[in-house]
Amino acid sequence: MADLTGRGQRRAARYSAVALLRHGIGGGAWPRAWRTHEPKRSYQVVIVGGGVHGLATAYYLARNHGITDVAVLDKGYLGGGGSGRNTAIIRSNYLTPEGVRFYDRSLGMYERLAAELNYNVMFSRRGHLTLAHSDASLRTMRWRAEVNKLSGVDSDIADPDEVKRLVPFLDTSAGARYPILGALYHPPGGIIRHDAVVWGYARAADSLGVHLHQDTEVTGIDVVGGRVSGVRTNRGPIATGTVINCTAGWSTLVSALAGVRMPVQTFPLQAAVTEPVKPFLHTVVVSGTLHVYVSQTDRGELVFGASVDPFASYSTRGSLEFIEGLAGHVLELMPSLAQLRLLRQWAGLCDMTPDFAPIMGSTGVDGFLVDVGWGTYGFKAGPVAGEAMAECVATGRTPEIIAAFGLDRFEEGRLVAEKGAAAVGH
Ligand SMILES: Cc1cc2nc3c(=O)[nH]c(=O)nc-3n(C[C@H](O)[C@H](O)[C@H](O)COP(=O)(O)OP(=O)(O)OC[C@H]3O[C@@H](n4cnc5c(N)ncnc54)[C@H](O)[C@@H]3O)c2cc1C
């Protein structure tokens, strides 16, 4: 495809019904979604990590600020980390005003993303129900609903009858082992196709001139006089004045290369999917008490998730204990699923912070920025985080929307306290 500007940009093939018809009849191959390059000796900005955060940051740097001399380096393949393993729940019903505002901006960006990228990211607005099985959790739901409403986010308490109306298959009887006393209902929440988001951002960033390098591992970060001067990789050194760490589950290892310590621990998070069945579940259902959540994909599979494994590790193996516990808890909620067969289970790595909020922006090392601490909830933040990190780099200032998430908050005792809204319902 032609280089249209001399700055490495190209016009990406337009995806449309007409193009589909033309290719169907003509049988021509579609052009590759993004190009491969030999790494250059230097880039203005190097982004480590080719998940949704790294790719969105690269895209907004190019689109919003005209900064196109950017490389995204990934030691594996694009989307091979949490971005290709998550359960793709998107919502903004958080607990703190800072969190609600931030995730709500992301939700709005996701709603427009398919049109903006000319890539079908399959956003499906389903409504999101967080069940309360005790008075204490009902109180937290009320609190969340009020914080949400004050920020203009649509959330409210649903009583058990309303819950039954929304999800008839739920056991809402008073005799259930964990009776459902009510729920936080958040109509704007939904699910999205995670791979499509990653590929859509990659394709758009590539078309603006960003270089995407897969199989390119950062093994060292050079810091001279307190300032970043380059990275070392398995494909040679690259000089740069700006490095952004977008490596989620691996982020402490990458920050350590620059001599930066972060209060982050990596835990595996597992999920599972069933065989497809006729659509019957039109809402995302979460139970914090039972440590389980479930949604149904457009193809009909049920996707189940839970909270992180109980120990820190870099393992991505599934375990029998997880699947046994999960199945038991799902059946407490929906006994009628007993005959459904599980197809697959998997795990990804989650970079957990003490307050369940991210760490974004500058560090003690000039030119070394982080966009990490995404734990079990960071996929939904991809667009807003990319937009804010790009602004950080382009202007040298921290945008207001991420001001609360700085690394210095842990020294200053300004934690954001999102655990009540982010521990299970990712
Ligand atoms: C099972 C599961 C379910 C989840 N469900 C949800 C959900 O429903 N909703 C939600 O919002 N979030 C969810 N999450 C969390 C979400 O997936 C992550 O927070 C998010 O994808 C993080 O994206 P990222 O781009 O920061 O990192 P990742 O997508 O993890 O990408 C990091 C990349 O860095 C690369 N890398 C690491 N070290 C190096 C190195 N030294 N050099 C070069 N590259 C390197 C890796 O190869 C990887 O591709 C879930 C996570 C899991 C595991």
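Residues numbered from 1 in each chain as written. Predicted model: local features only at pLDDT ≥ 70, side-chain atom pairs only at ≥ 80, totals over all residues. Heavy atoms only, no water.

Enquirer: Can you help me understand the overall build of the protein chain in this one?
Expert: From N to C terminus, the protein chain includes eleven helices and 20 strands. Rg of the C-alpha trace for the protein chain: 22 Å, near the compact-globule value of 22 Å for 426 residues, within the 12% margin. Each principal axis of the C-alpha atoms in the protein chain carries an extent, and together these give about 65 × 65 × 40 Å. When each of the 426 residues of the protein chain is scored for burial, the buried share is 56%. Counting only contacts in the protein chain whose residues sit at least 6 apart along the sequence, the fraction spanning at least 24 positions is 75%. Approximately 18100 Å² of the protein chain is accessible, and the part contributed by carbon and sulfur atoms is 53%. (Helix = DSSP H or I, 4+ residues; strand = E, 2+ residues; numbered from the N terminus. Rg over C-alpha atoms; globule rule 2.2 N^0.38 Å. Buried < 20%, exposed > 50% of the residue type's maximum accessible area, 1.4 Å probe, protein only. Contact = heavy atoms within 4.5 Å. Areas by Shrake-Rupley, 256 points an atom, 1.4 Å probe, with all protein chains shown as cover.)

Enquirer: Whenever I open this one, helix 4 (residues 135-150) confuses me. Can you help?
Expert: Each α-helix winds once per 3.6 residues, and so residues spaced three or four apart point in a common direction. If you check helix 4, its first and last C-alpha atoms are 23 Å apart, about what 16 residues at 1.5 Å a residue would give, namely 22 Å. Every buried residue of helix 4 is accounted for by Ser137, Leu138, Met141, Arg144, Ala145, Val147 and Asn148. Where helix 4 is buried, its residues contact helix 3 (97-117), strand 5 (128-132), strand 6 (156-158), strand 7 (182-186) and helix 11 (419-422). Count one or two residues on from helix 4 and you reach Gly152, which has phi positive near 80 degrees. (Expected span 1.5 Å × (residues − 1).)

Enquirer: Quick question: what am I supposed to make of the sheet that holds strand 9 (residues 211-213) here?
Expert: Pairing between sheet strands relies on hydrogen bonds along the backbone, with the strands arranged either parallel or antiparallel. Spatially, 9-2-1-13-20-19 is the arrangement adopted by the six strands of the open sheet, whose pairing is mixed. Where the open sheet ends on each side, the last strands, each with one partner, are strand 9 and strand 19 (359-362). Taking each pair of neighbouring strands and ignoring which way they run, the sheet shows an average axis angle of 15 degrees. Here strand 1 (residues 45-48) runs beside strand 2 (residues 70-73); their pairing, made up of four bridges, is parallel. Among the inter-strand pairings, Val46 is bridged to a residue of strand 2, identified as Ala71. This element, helix 9 (residues 382-395), spans strand 1, strand 13 (242-245), strand 19 and strand 20 (368-372) of the sheet and lies at about 170 degrees to strand 20. (Pairing = 2+ DSSP bridges. Axes fitted to C-alpha atoms, helices over the stretch in contact; angles between N-to-C directions.)

Enquirer: Would you take a moment to explain the side chain of Thr216 for this structure?
Expert: Tracing the backbone through its elements, the reader meets Thr216 in the loop between strand 9 and strand 10 (218-224). By relative accessible area, Thr216 is classed as buried at 1%. Within the structure, Thr216 has its side chain in polar contact with the side chain of Arg235 (distance 2.9 Å). When near neighbours in sequence (up to four residues on either side) are disregarded, Thr216 contacts Leu73, Asp74, Lys75, Thr233, Asn234 and Arg235. (Polar contact = N/O pair within 3.5 Å; in protein donor to acceptor, adjacent residues only side chain to side chain.)

Enquirer: How should the sheet that holds strand 10 be read in this particular structure?
Expert: Strand order in this open sheet of three strands is 10-11-12, and the pairing throughout is antiparallel. In this open sheet, the two strands that pair with only one neighbour each are strand 10 and strand 12 (236-239). Within this sheet the neighbouring strands show an average axis-to-axis angle of 25 degrees, counted without direction. In terms of strand pairing, strand 11 (residues 227-233) meets strand 12 through four bridges, oriented antiparallel. Note that in strand 12 the partner of Gly230 across the bridge is Ala239.

Enquirer: Would you mind going over the site of the ligand with me for this structure?
Expert: Lining the immediate environment of the ligand, one finds 38 residues, of which Asp74, Gly82, Ser83, Thr87 and Lys380 sit closest. Ser83 is positioned such that a nitrogen or oxygen atom in its side chain is 2.6 Å from an oxygen atom of the ligand. At 3.0 Å, a backbone N or O of Phe379 approaches an oxygen atom of the ligand. Calculation on the ligand without its partners gives an accessible area of 1000 Å², and the protein chains cover 98% of this total. Within the residue set of the shell around the ligand, elements represented by two or more residues are helix 2 (52-65) and strand 14 (265-274). Across the shell around the ligand, the residue classes tally to 16 nonpolar, 17 polar and five charged. (Near = heavy atom within 4 Å. Nonpolar A, V, L, I, M, F, W, Y, C, P; charged D, E, K, R; others polar.)

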